[in-house]
Amino acid sequence: MSDNVIRRALLSVSDKAGLADLGRALAQRGVELVSTGGTARALRDAGLAVKDVSDLTGFPEMMDGRVKTLHPKVHGGLLALRDNAEHVAAMEAHGIGAIDLVVVNLYPFEATVAKGASREDVIENIDIGGPSMVRSAAKNHGFVTILTDPADYATLIAEMDAHGGATTQAFRTRMAGKAYARTAAYDAAIASWFAFSPAASDEPTLFPETLPIALKRADTLRYGENPHQSAAIYVPQVAGTAGVPQAAQLQGKELSYNNLNDADAALELAAEFAGQEPAVVIVKHANPCGVAQGGSLLAAWEAALACDSVSAFGGIVAVNAELDGETAEAISAIFTEVVIAPSVSAEARAIFAKKKNLRLLECGALPNPRRGGLAMKTIAGGVLIQSRDAGAVSLDDLKVVTKRAPTSQELKDCLFAWTVARHVKSNAIVYAKDGATAGIGAGQMNRRDSARIAAIKAREAAETHGWDAPRTVGSAVASDAFFPFADGLLAAAEAGATAVIQPGGSIRDDEVIAAADAAGLAMVFTGMRHFRH
């Protein structure tokens, strides 16, 4: 195994980007071009001399192109060990010529699935010959160079120029690894499609016996959750995916692991209010610390910030509408790590430009909070996988369980608090009033402490802003899971809450309902829990 001069190249690509330039560069360096179907036509249209694979094999393409490269004169030319006398003798005996370079990208299976094509079209876009050539060339990378990504075309030519028309073992090894990663991802996409989109006569399964996962590295990060940890971000190879990794970064420093995690938490909650009144979400360490809706984005910002202005320092802000200059000016008044919005006005961009370290993201479409899919968590020795928590409740789902029914405003505040609570780490308690959070208690080992912490934050906010009373007075309170005892509910009542929304389902529901009645509270059950660990 040594530097390998490229004399013959086989090109067969679905994505024709950069093909003509690559073909010209190879031809100028004396490389014979062999190709198939549409690739051969594209090269000839560029004025290049091309030999058809059928001329190489002495066998015509057939079955609508399904059979063309699956032939010993192709795979023998790829797999033969050039320093093995028996292999060389076999090549001479059977008229098999060596192929030094293979350039292949595969049928667009993932894109075909993403556009909702018919089952027949999806099946036709499962590439057979392409992956076979890729794997053969990659296996024999001691002698053969394999390219599967148009982004590597220029690197190949530079490599050849630096080494007298040859490629180095290091380059071929790197490209072989990349090639096998591509075929692995391709096969994973096909296997996933079969698992989750079977024929109509089959029973679909959410959890197949083997779960193939293919992710593409989008970027390496400076470090992970802590500086001593390494990190990278990977994304699914599915068209139309919406989220923080797909957002355009308009300015600011590189996004860190924690920035990405927190921005995701903020965006997911902001997406709950898509198409509604302007909404602002402020997140710190993946937990909301202030959420509000208002007649304007500025009003929503002011109400969200008022909930917990201490925690908002160094936080992440997400909004559900175009970010305007007035709101940008207000956000700029405090230290903010990341701001993410569906769109950002020119005026807002100019204002944020003064804060060069602030990371400003424009995400376009908000993610669908009700989308399906799987959520994964690694544990020692395995991976926990579950369906996403896409559950939601409406007014019609609520069951009044107390003597007093909530007023229309209390119901509105209950649903707002419930929407926020499903995005707060358990045990979660959220007080809300007039479309804004009044206090948030997150991540405690018991529900009573979450209720008390949220109330403490509300009292501090009242002192900070000179209010006559905390906004928990007259608020609705949401609990992400049932109250196992009456103590948490009574803590909420002491804070001034007048309405409660919770899943219900405790063996002590009667005790909790009686305590609510004694305190004059209105309470509704959702029948749905939202633990978030």
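Provided above is the structure to which this section pertains.
Conventions and cut-offs
Residues numbered from 1 in each chain as written. Predicted model: local features only at pLDDT ≥ 70, side-chain atom pairs only at ≥ 80, totals over all residues. Heavy atoms only, no water. Core = buried A, V, L, I, M, F, W, Y, C linked by side-chain atoms within 4.5 Å. Buried < 20%, exposed > 50% of the residue type's maximum accessible area, 1.4 Å probe, protein only. Helix = DSSP H or I, 4+ residues; strand = E, 2+ residues; numbered from the N terminus. Contact = heavy atoms within 4.5 Å. Pairing = 2+ DSSP bridges. Right-handed = clockwise from strand over helix to strand, strands pointing away. Patch = residues over 30% accessible without salt bridge, like charges linked within 9 Å, V, L, I, M, F, W, Y side chains within 5 Å. Areas by Shrake-Rupley, 256 points an atom, 1.4 Å probe, with all protein chains shown as cover. Salt bridge = Lys/Arg side-chain N within 4 Å of Asp/Glu carboxyl O. Lys, Arg positive; Asp, Glu negative; His and termini not counted. Charge placed at Lys NZ, Arg CZ, Asp CG, Glu CD. Disulfide = S-S within 2.5 Å. Phe/Tyr/Trp six-rings, centres within 6.5 Å; stacked < 30°, edge-to-face > 60°. Polar contact = N/O pair within 3.5 Å; in protein donor to acceptor, adjacent residues only side chain to side chain.

What follows deals with the nonpolar core. Leu-26, Val-102, Ile-146 and Leu-156 are the most contacted members of the largest nonpolar core, which totals 48 residues. Considering each element in turn, this core owes the most residues, seven residues, to helix α10 (residues 169–196). Other than its neighbours up to four places away in sequence, Leu-156 contacts Ile-6, Leu-22, Leu-26, Leu-101, Thr-145, Leu-147, Thr-167 and Phe-171.

For the rest of this paragraph, the subject is the pairing of strand β22 (residues 499–502). Side chains Ala-499 and Ile-501 of β22 all project onto a buried face; the interleaved residues Val-500 and Gln-502 project onto the opposite face, where all are buried too. The pairing of strand β21 (residues 476–479) with β22 spans three bridges and is classified as parallel. Each residue of the ladder has a partner; that of Val-477, found in β22, is Val-500. After leaving β21, the chain enters helix α18 (residues 486–494) and then returns to the sheet as β22, a path that is right-handed. Here β22 runs beside strand β23 (residues 522–525); their pairing, made up of four bridges, is parallel. Considered in β23, the bridge of Ile-501 is made with Val-524. For the handedness criterion, the β-α-β arrangement of β22, helix α19 (residues 509–518) and β23 is classed as right-handed.

A cluster of acidic residues, Glu-302, Glu-326, Glu-329 and Glu-347, forms a negative patch at the surface. Mapped onto the secondary structure, Glu-347 falls in helix α15 (residues 346–352).

Residues Ala-231, Ile-233 and Val-235 line the buried face of strand β9 (residues 231–236), whereas the alternating positions Ala-232, Tyr-234 and Pro-236 sit on a face that is not buried. Sheet topology note: the strand β8 (residues 215–221)/β9 ladder contains six bridges and is antiparallel. Across the sheet, Lys-216 pairs through a bridge with Val-235, a residue of β9.

Further remarks concern the sheet that holds strand β2 (residues 8–13). Here five strands make up an open sheet; going across it, the order is β4-β3-β2-β5-β6 and the pairing parallel. Both edges of this open sheet fall to β4 (51–52) and β6 (145–147), since each of them pairs with a single strand only. For β2 and strand β3 (residues 32–35), the ladder comprises four bridges, and the chain directions are parallel. In the sheet register, Leu-11 faces β3, and the bridge partner there is Ser-35.

Attention shifts here to the state of the cysteines. In total, this model carries zero disulfides according to the counting rule given. In this structure Cys-289 is not part of a disulfide, and its nearest cysteine sulfur, from Cys-307, lies 7.4 Å away. Since its relative accessible area comes to 6%, Cys-289 is described here as buried.

With the rule as written, the count across this model stands at 20 salt bridges. Glu-337 serves as the salt-bridge partner of Arg-359, at 2.7 Å between the closest nitrogen and oxygen. Of the two residues, Arg-359 sits in strand β15 (residues 359–362) while Glu-337 sits in strand β14 (residues 336–341), which places them 22 residues apart along the sequence. Salt bridges sharing partners connect three or more residues here, namely Glu-272, Arg-370, Asp-389 and Arg-422.

When you line up the elements, Ser-475 lands in the loop between α17 (447–465) and β21. Classification of Ser-475 as buried rests on a relative accessible area of 1%. For Ser-475, the contacting residues outside a window of four places in its chain are Tyr-431, Ala-432, Lys-433, Gly-496, Ala-497, Thr-498 and Ala-499.

The next point concerns unusual backbone geometry. Residues Ser-426 and Asn-427 are joined by a peptide bond in cis, for which omega reads -5°. Look at Ala-286: it is not a glycine, yet its phi comes out positive at around 70°. Examined against the element boundaries, Ala-286 turns out to sit in the loop between β11 (279–284) and β12 (287–293).

This part takes up the packing of aromatic side chains. The tally for this structure, following the rule as stated, stands at five aromatic pairs. Between the aromatic rings of Trp-193 and Phe-194, the centroid separation amounts to 5.0 Å while the plane-to-plane angle is 80°, which identifies the pairing as edge-to-face. With relative accessibility at 40%, the residue Phe-194 sits in the partly exposed group. Aromatic ring contacts, followed pair by pair, group Phe-109, Tyr-186, Trp-193 and Phe-194 into a single cluster.

Structurally, the position occupied by Ser-256 is in the loop between β10 (248–251) and α11 (257–271). Note on Ser-256: relative accessible area 13%, which makes it buried. Within the structure, the side chain of Ser-256 is placed 3.0 Å from the backbone nitrogen of Asn-259, a separation counted as a polar contact. Apart from residues lying up to four places away in sequence, Ser-256 is in contact with Leu-221 and Arg-222.

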